[in-house]
Structures are given as structure tokens and as C-alpha cells.
Amino acid sequence: MGKEISAWEKVEIARNPKRKTSLDYINSIFDDFIELHGDRNFKDDKAIVCGLGKIGKQNFTIIAEQKGRTTKENIERNFGMPNPESYRKAIRFMKQAEKFNRPVITFIDTKGAYPGIGAEERGQGEAIAKSMFEMAKLKVPVISIVIGEGSSGGALAIGVANKVFMLENAIYSILSPEGYSSILWKDSSRFKEAAEKMKLTAKDLYSLKVIDKIIKEPIEMQEEDFAKVSDDIKKEIKKEISRMKKLSKDDVIEERYSKFRNIKELIEK
Amino acid sequence: MIVDKIKKREPGIKKIKSNIDIPIGQWIKCDNCKDILYKDDVRKNYNICPNCGHYFRMHIGKRLDLIVDEGTYKRFDLNLDTTNPLGLEDYPKKLKTLREKTDLEEAVACGTGKIKGEDVVICIMDSGFLMGSMGAVVGEKITYSIEQAIKLKLPLIIFAVSGGARMQEGIVSLMQMAKTTAALTKLDEAGLLYISVLTDPTYGGVTASFASLGDIILAEPGAMIGFAGPRVIEQTIGESLPEGFQTAEFLLDHGFIDKIVERKDMKETLYKLIQYHKGGEA
Ligand SMILES: [Zn+2]
């Protein structure tokens, strides 16, 4: 653990199809996970998985972006790229979490919200905005964990949390390095350079206060490493939840608000 | 149709000094009908093509003249600049050049003003400044404006025009989506009115945050509005897009905006909507 590797190498690690997915972590961290489906409006979009799980006696609502490993799984999961129904499903479960006073844990792992005709017809922008809006005012503690690729508004849509954790080799960015270099430099071949510039690594994001905690992980994860990483995440969740349970509901909201309010990077002119 | 109505408009829209309205000398070519137009004719016609009714983009000064009562606009006293969080070499220089060239401070102007005597907090974005993209300055100014609306108990009006996130500021730009959105939850709790007006083009992180969260969402005719850009969608799905896709009319059809309002009617419409949300009996 801990060897310095380039930002681009991290992009490749984060995207590796063998990398552990949200459901792997959910099943490893929580007991008795029960998946629950559907946005009650249009469909059950499978790029986001929602359900209930527990750690000890503490119940949680879980919302997670889910990639597939095989082609078949990826087609089912739309390559982890949510349509608006995924975000509306997430909103439904956020509101239930509040009603039944359960903390919310979200897992972020997406190339971005799906750019499609249907997605636009059904208000992809509105769905993302509304998901952040509902999340920002939740009266229960929220923790987000970036486990793989956290790309663009499609990731942030379920990332408005009191605390954001990030795996050491995960990435979190405004869009893909390929997209970034083609938009900013009109040259998609400069994606490696873009990755280095974009400040998308856990270390960079920690210094920008976008994330609050880096979870160590090895470059190549073996099963025993995975058990250890899951356990570290579990410990951090327990620690933060027991801290936040002592806060009033208003303070929980206020803490989350301040976190994002204070991302400024501004100077007086 | 639009043209007829516009020609009947009352005169008196003041010309404002701006060197970025219309780039090619005294003439401008309409993107839509390809007609070559005398730029004064376009200017006098609310920046709308007198030939086909196509809406040209409108800059902050002109929009203020059109919407806010003369002499009532007071800008918020915020003189902010980005820290250049990604340390891009040419970005500060680019901003400086743009500021000199356009007379704009950034991609949004924010302040208080009156609409037919009604006090409002108003934010107007401008496509002439890095395509109205949202970096830390834009995010902060919008958030500050929302907070001022709460403090002053005033309705909030935001004219959006944006290509989305400000690439040069990377993740800091992305976070402005959450910041502005979270601020709007407080405006909502305070029971205050927020009218979002979408103009051409409104995309990406702006569509996926404050622009889509108005109590009432208006749009200008023909404005292109969406989350993903048309080219990205075409590349992803490998087919061309249907006629009229992502236009204001398309969004109206699909239930994502309340009303399409022509420029000549915008001020009156805003005024009426503000009136509807004033006090009144419970
Ligand atoms: Zn024309």
C-alpha cells in the first residue's frame, strides 16, 4: 500500500472491470442486505441499487451506483450510467430513510449520468438537481464513499453527504480525462496529461476538502485485502455515525451545508 | 408569427454600449435563416432576427435594460476571483483578457433591482464569458444571491445561459452544483419564490442544478436546453437526434418547464408571477 502512482494509472485502476463493485462492498460491510426496487413512476433502472442493510443494531438505507463485470451484467446495469429513474429511485429511498430515521450510505461508481434521448426526454438534469436538493436537506446523517469512478454530475447527484470517503485509487472528477482534454484542449489524445492536471486523485481531493477521508487500498486487491478494506470502511462508517447521532437534526443538515458552502477556492480581486 | 408581434412592440428599448453583441462590423448573419441583417435592426428588435424570429443571445447589459426598471439595479459588492485551483498556466490570463474585452467581470451579474416596482434579487448569466460556464466565482455569486434573497425576503430570478461546468476549475466547478442547490433548499424553506428563466443554451451542470429547481421555470422560444450536449448523445447512441430535440418547446412538451415566454412579454410575465406570490390571504 501507499506506493506513489500517477493519476492516469489511478484512472486505469478505478476503471478496471475486475475492480470490486458497490454490491461487493455492500455485501461485505453490511449484514442482511435487502435490495428494494423501482422509482414508483417509470421503471427500475439498474444502474443504481437501493436497499436496506445493517451494521450491528444500526439500520441503514443504502444507495449505490452499480457497474457490471461481464458484458451481460453491464448491459443490465447500463454500464453503471444512471438514467433519470435511478436518481428518482434514490430520492424515494432518501425520503424513506428520513421517515424511518435511518442514516444513508451512498456508494459512487459511475462514468456519469447516461447521455441518451430518453434520458433527456425524462429530465436527466432535473433528476440530478432534485437528487442533490433532497439530499442536501435530509435530517439524517449521510456518508458517501467513492469506490471507483466518480465522474461528473452523475456521481455528485448521490454525493451530497456530511462526510465523503474515497478509496485511495478511486477517482472523482468533473468528467473523464478524455472528455476533459477534448473539450479544453480540443485534443482527445492528451488524456493522460489531463488526468495529471485535473486533481482527480484522493490525495488532491482531500487537500481541496472535497473529500474527508482516504481509505487505503492496495494497487492489486486480493481477497484478504478486500476484507481489510471493507472492514476499514465499516469502522469509519461506525465512527462517523456515532459522532453524528449526537448532533441535532438541524446540526446534521448544517454540517452538510457548510461542507459544500465552503468549497470556494476564491480570492478578493 | 413571432415577427409580426415583435414589429408591433412599443419603441424605446435603449441601446447599450457593448462591443460583443454583434461581431462583424455593422452586419450580422442569422444562424437560422442565413439572412444578412443590419445589426441596428436586430438590436431594436430585442436581439431577434426581424426576418425569421430567431433569438440571438443577449448580454447582461441588454437583459438588465429589458427586465429591470431603469436605474434600480444595484450589483452585489463582490469582487472575487478564482484561485485557479488546477494551476492552469493560461487560465488567469484568459480571464483577464476576457474581462478587458467584454466589460464583464464574470459569467454572471447579480444584484437587486425592481421589476415594475417590485423588488427582486436578480442574477443574469452571459454566454459571452467562457460560454457562461460555472466556476467558483459564478457558484459563489449565485449562492450569495440566494442568501441575500432569504435575508431580504425577496423573490429570486435567475436568467440561465451556460455550457455547464467551468472545465478550467475542474472538481471545484462540479462542487458549485451542490453548493447552489443546497442554498436553494434554504430559500425553499423560507417560502420564497424562485423563478428560473432558461435561455439559449442552458446545459450540463447548470441544467443539473439551480436552473432546474425553480418554483416556476420559464424559457425563451427556441432555446436549447439539456443535460448532455447533442454531440455527446449522438456519439453515445450512434444515431442522429430527432428534429426539435432539446428545444424549449421539447422541454415544455415533456413537462420540464412551465411556460415559454417571448422577450417582449418577459418583464410583464415576471411581474405578474411575482404579484401572484405576494402575501395574500392564507
Ligand atoms: Zn433569421
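Residues numbered from 1 in each chain as written. Chains lettered and ligands numbered in written order. Predicted model: local features only at pLDDT ≥ 70, side-chain atom pairs only at ≥ 80, totals over all residues. Heavy atoms only, no water.

Residue and element names in this part refer to chain A. The geometry of helix α4 (residues 84-99) relative to helix α6 (residues 124-136) is characterised by a closest axis approach of 8 Å and an angle of 20 degrees between their N-to-C directions. Relative to α6, α4 is oriented roughly parallel. The chirality of how α4 crosses α6 is left-handed. Contacts from P84, Y87, R88, I91, M94 and K95 of α4 reach α6 at Q124, E126, A127, I128, K130, S131, E134 and M135. Among the residues forming the contact of α4 with α6, the class breakdown is seven nonpolar, two polar and five charged. (Axes fitted to C-alpha atoms, helices over the stretch in contact; angles between N-to-C directions. Helix = DSSP H or I, 4+ residues; strand = E, 2+ residues; numbered from the N terminus. Parallel < 35°, antiparallel > 145°, perpendicular 65-115°, else oblique. Left-handed = near helix turned anticlockwise from the far one by under 90°. Contact = heavy atoms within 4.5 Å. Nonpolar A, V, L, I, M, F, W, Y, C, P; charged D, E, K, R; others polar.)

Residue and element names in this part refer to chain B. At 2.3 to 2.4 Å from the zinc ion lie its protein donor atoms, namely C30 (SG), C33 (SG), C49 (SG) and C52 (SG). Each of the four donor atoms bound to the zinc ion contributes to angles spanning 107 to 112 degrees, and the resulting shape is tetrahedral. Going along the chain, you hit the donors of the zinc ion in the pattern C-x2-C-x15-C-x2-C. We classify C52 as partly exposed; its relative accessible area is 26%. (Donors = N, O, S within 2.8 Å, 3.2 Å for Na, K, Ca; no water. Tetrahedral: all angles 85-135°; square planar, octahedral: opposite > 155°, others 65-115°. Buried < 20%, exposed > 50% of the residue type's maximum accessible area, 1.4 Å probe, protein only.)

Time to look at the interface of chain B and chain A. Tallying the contact residues gives 58 residues for chain B and 48 residues for chain A. Between chain B and chain A, the buried area comes to about 4,700 Å², and carbon and sulfur atoms account for 71% of it. One salt bridge connects E147 of chain B with R261 of chain A, and the closest N-O pair in it is separated by 2.7 Å. For the side of chain B that touches chain A, the elements supplying multiple residues, two or more each, are β4 (80-82), α5 (136-152), α6 (170-189) and α8 (230-237) of chain B. With 18 residues, the top contributor of residues to the side of chain B that touches chain A is α6 of chain B. The residue inventory of the side of chain B that touches chain A, partitioned by class, reads 30 nonpolar, 18 polar and ten charged. (Buried area = accessible area lost by both parts, 1.4 Å probe. Salt bridge = Lys/Arg side-chain N within 4 Å of Asp/Glu carboxyl O.)

A few words on the packing of aromatic side chains. In the structure shown here, the tally under the stated rule is eight aromatic pairs over all chains. Plain terms: the ring middles of W27 of chain B and Y38 of chain B are 5.3 Å apart, the flat faces sit at 55 degrees to each other, and that makes the pair tilted. Separated by eleven residues along the polypeptide, W27 of chain B in strand β1 (residues 27-29) and Y38 of chain B in strand β2 (residues 36-38) bring together distant segments of the chain. Their ring planes at 80 degrees and their centres at 5.3 Å tell us that F76 of chain B and Y144 of chain B sit as a pair that is edge-to-face. On the criterion of sequence distance, the pair formed by F76 of chain B in the loop between β3 (74-75) and β4 and Y144 of chain B in helix α5 is long-range, its members being 68 residues apart. Owing to a relative accessible area of 9%, F76 of chain B belongs among the buried residues under this scheme. Taken together through their ring pairs, the aromatic side chains of F30, F60 and F107 of chain A make up a single cluster. In this structure, K259 of chain A packs its charged tip against the face of F260 of chain A, placed 5.6 Å from the ring centre. Its guanidinium or amino end placed over the ring of Y271 of chain B, K116 of chain B lies 5.1 Å from that ring's centre, counting from NZ or CZ. (Phe/Tyr/Trp six-rings, centres within 6.5 Å; stacked < 30°, edge-to-face > 60°. Lys NZ or Arg CZ within 6 Å of the ring centre and 35° of its normal.)

Turning our eyes to something else, we now look at the domain arrangement of chain B. Residues and elements named next belong to chain B. Here chain B is described as being made up of domain 1 (22-56) and domain 2 (57-278). Between domain 1 and domain 2, the C-alpha centre-to-centre distance is 24 Å. Across the boundary between the two partners, domain 1 contributes six residues, which contact nine residues of domain 2. For the pair domain 1 and domain 2, the summed buried surface comes to about 740 Å²; carbon and sulfur atoms form 53% of the total. Area buried by domain 1 at its contact with domain 2 is led by Y46, Y55 and F56, which between them contribute 78% of it. On inspection of domain 1 and its partner domain 2, the count reaches zero salt bridges. For the interface between domain 1 and domain 2, the tally reads six residue pairs in polar contact (both at pLDDT 80 or more). (Domains from an automatic or database assignment. Polar contact = N/O pair within 3.5 Å; in protein donor to acceptor, adjacent residues only side chain to side chain.)

Moving on, we get to helix α10 (residues 263-276) of chain B. Residues and elements named next belong to chain B. The end-to-end C-alpha distance of α10, which contains 14 residues, comes to 20 Å, matching closely the 20 Å that a straight helix rising 1.5 Å per residue would cover. Burial in α10 covers these residues: R263, M266, K267, T269, L270, L273 and I274. Taken together, the buried residues of α10 touch α3 (60-67), β5 (108-115), β6 (118-125), β7 (156-162), β8 (194-202) and β9 (216-219). (Expected span 1.5 Å × (residues − 1).)

Turning our eyes to something else, we now look at the pattern of salt bridges. Per the stated rule, a full pass over the model turns up 43 salt bridges over all chains. Ionic pairing is found between K67 of chain A and D109 of chain A, a salt bridge with its closest N-O pair at 3.4 Å. Of this pair, K67 of chain A sits in the loop between β3 (58-65) and α3 (71-76) while D109 of chain A sits in strand β4 (residues 104-110), and the two are 42 residues apart along the sequence. Residue K179 of chain B is joined to E140 of chain B by a salt bridge in which the shortest nitrogen-to-oxygen separation is 2.7 Å.

Here the focus is the pairing of strand β2 (residues 48-55) of chain A. Residues and elements named next belong to chain A. When you tally the buried positions in β2, you get six out of eight residues, the bulk of the element. Of the pairings in the sheet, the one linking strand β1 (residues 31-36) to β2 comprises four bridges and is antiparallel in character. Across the sheet, E35 pairs through a bridge with G51, a residue of β2. Pairing between β2 and β3: eight bridges, direction antiparallel. What sits directly across from V49, in β3, is A64. (Pairing = 2+ DSSP bridges.)

Residues and elements named next belong to chain B. Strand order in the open sheet made by the seven strands is β3-β5-β6-β7-β8-β9-β10, with mixed pairing throughout. Across the chains shown, the open sheet's two edge strands, defined by having one partner strand only, are β3 and β10 (259-260). Inspection of the sheet shows β7 paired to β8 by six bridges, in the parallel sense. Looking across to β8, one finds that A160 is bridged to L198. Sheet strands touched by α3: β5, β6, β7 and β8. Its angle to β6, the strand with the most contacts, is close to 155 degrees.

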